[in-house]
Amino acid sequence: MRAAACYDVTMAVSSREHNDANCLVLAANYTDAAKAEEIVRVWLATAHAGERHARRVAQIRELEKELKKREGSRAPARERKKR
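A few points on the structure. (Residues numbered from 1 in each chain as written. Predicted model: local features only at pLDDT ≥ 70, side-chain atom pairs only at ≥ 80, totals over all residues. Heavy atoms only, no water.)

Here we look at the packing of aromatic side chains
Alright, step 1. Taken as a whole and judged by the stated rule, the model has 1 aromatic pair.
Alright, step 2. The interplanar angle of 85° and the centroid separation of 6.0 Å between the aromatic rings of Tyr-7 and Tyr-30 together place this pair among those described as edge-to-face. Of the two residues, Tyr-7 sits in the loop between strand 1 (3-5) and helix 1 (9-19) while Tyr-30 sits in the loop between strand 2 (23-25) and helix 2 (33-45), which places them 23 residues apart along the sequence.
Alright, step 3. The class for Tyr-7 is partly exposed, based on a relative accessible area of 38%.
Alright, step 4. Geometry around Trp-43 places Arg-16 over its ring, the cationic atom sitting 4.4 Å from the centre. (Phe/Tyr/Trp six-rings, centres within 6.5 Å; stacked < 30°, edge-to-face > 60°. Helix = DSSP H or I, 4+ residues; strand = E, 2+ residues; numbered from the N terminus. Buried < 20%, exposed > 50% of the residue type's maximum accessible area, 1.4 Å probe, protein only. Lys NZ or Arg CZ within 6 Å of the ring centre and 35° of its normal.)

Laid out in structure tokens, this is it:
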């Protein structure tokens, strides 16, 4: 999951185009309902830009895989057996 905290429309566009974010995070204390609706609408309508940013997304995916491996090796023996 690639979550992005977006406080405005510009951040929403960048999170989708550049990082292919698939989870939008809005801060209730900083975002009124009208602004949140606008951010959500733009975020859903924006696609990943692809080629130009594909390398970064691939790096994020590799980091995720590495972190999952590390997390699995830290689990207690009984939990590792369940996996």
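Don't stop here, the text continues.
As for the side chain of Thr-31
Alright, step 1. By secondary structure assignment, the location of Thr-31 is in the loop between strand 2 and helix 2.
Alright, step 2. Residue class for Thr-31 comes out buried when judged on its relative accessible area of 10%.

Quick notes on the pattern of salt bridges
Alright, step 1. Under the counting rule described, the total for this entry stands at 4 salt bridges.
Alright, step 2. Put simply, Arg-41 and Glu-37 hold a salt bridge, and the shortest N to O gap is 2.7 Å. Of the two residues, Arg-41 and Glu-37 are both situated in helix 2; the distance of 4 residues between them amounts to about one turn of the helix.
Alright, step 3. Residue classification places Glu-37 among the partly exposed residues on the basis of a relative accessible area of 49%. (Salt bridge = Lys/Arg side-chain N within 4 Å of Asp/Glu carboxyl O.)

Details of the packing of helix 1 against helix 2
Alright, step 1. In the contact formed by helix 1 and helix 2, the axes pass within 9 Å of each other and the chain directions differ by 25°. Taken together, the axes of helix 1 and helix 2 are roughly parallel relative to one another. The handedness of the crossing between helix 1 and helix 2 comes out as right-handed. Along its contact with helix 1, which presents Val-9, Ala-12, Val-13, Ser-15 and Arg-16, the element helix 2 presents Glu-38, Ile-39, Val-42, Trp-43 and Leu-44.
Alright, step 2. A breakdown of the residues in the contact of helix 1 with helix 2 according to their chemical character gives 7 nonpolar, 1 polar and 2 charged. (Axes fitted to C-alpha atoms, helices over the stretch in contact; angles between N-to-C directions. Parallel < 35°, antiparallel > 145°, perpendicular 65-115°, else oblique. Left-handed = near helix turned anticlockwise from the far one by under 90°. Contact = heavy atoms within 4.5 Å. Nonpolar A, V, L, I, M, F, W, Y, C, P; charged D, E, K, R; others polar.)

A short note on unusual backbone geometry
Alright, step 1. Positive phi, normally seen in glycine, also occurs at Asp-20, with a value near 50°.
Alright, step 2. Mapping Asp-20 onto the fold places it in the loop between helix 1 and strand 2.

Some thoughts on helix 2
Alright, step 1. Between the first and last C-alpha of helix 2 there are 18 Å, a value that for 13 residues agrees with the 18 Å anticipated at 1.5 Å per step.
Alright, step 2. Considered for burial, the residues of helix 2 that qualify are Ala-36, Ile-39 and Trp-43. Each buried residue of helix 2 sits inside an arc of 65° when the element is viewed along its axis, so together they form one side. Along helix 2, the residues that are exposed and aim more than 90 degrees away from the buried face are Ala-33, Ala-34, Arg-41, Leu-44 and Ala-45.
Alright, step 3. At its buried positions, helix 2 is contacted by helix 1 and strand 2. (Expected span 1.5 Å × (residues − 1). Arc of directions from axis to C-beta.)

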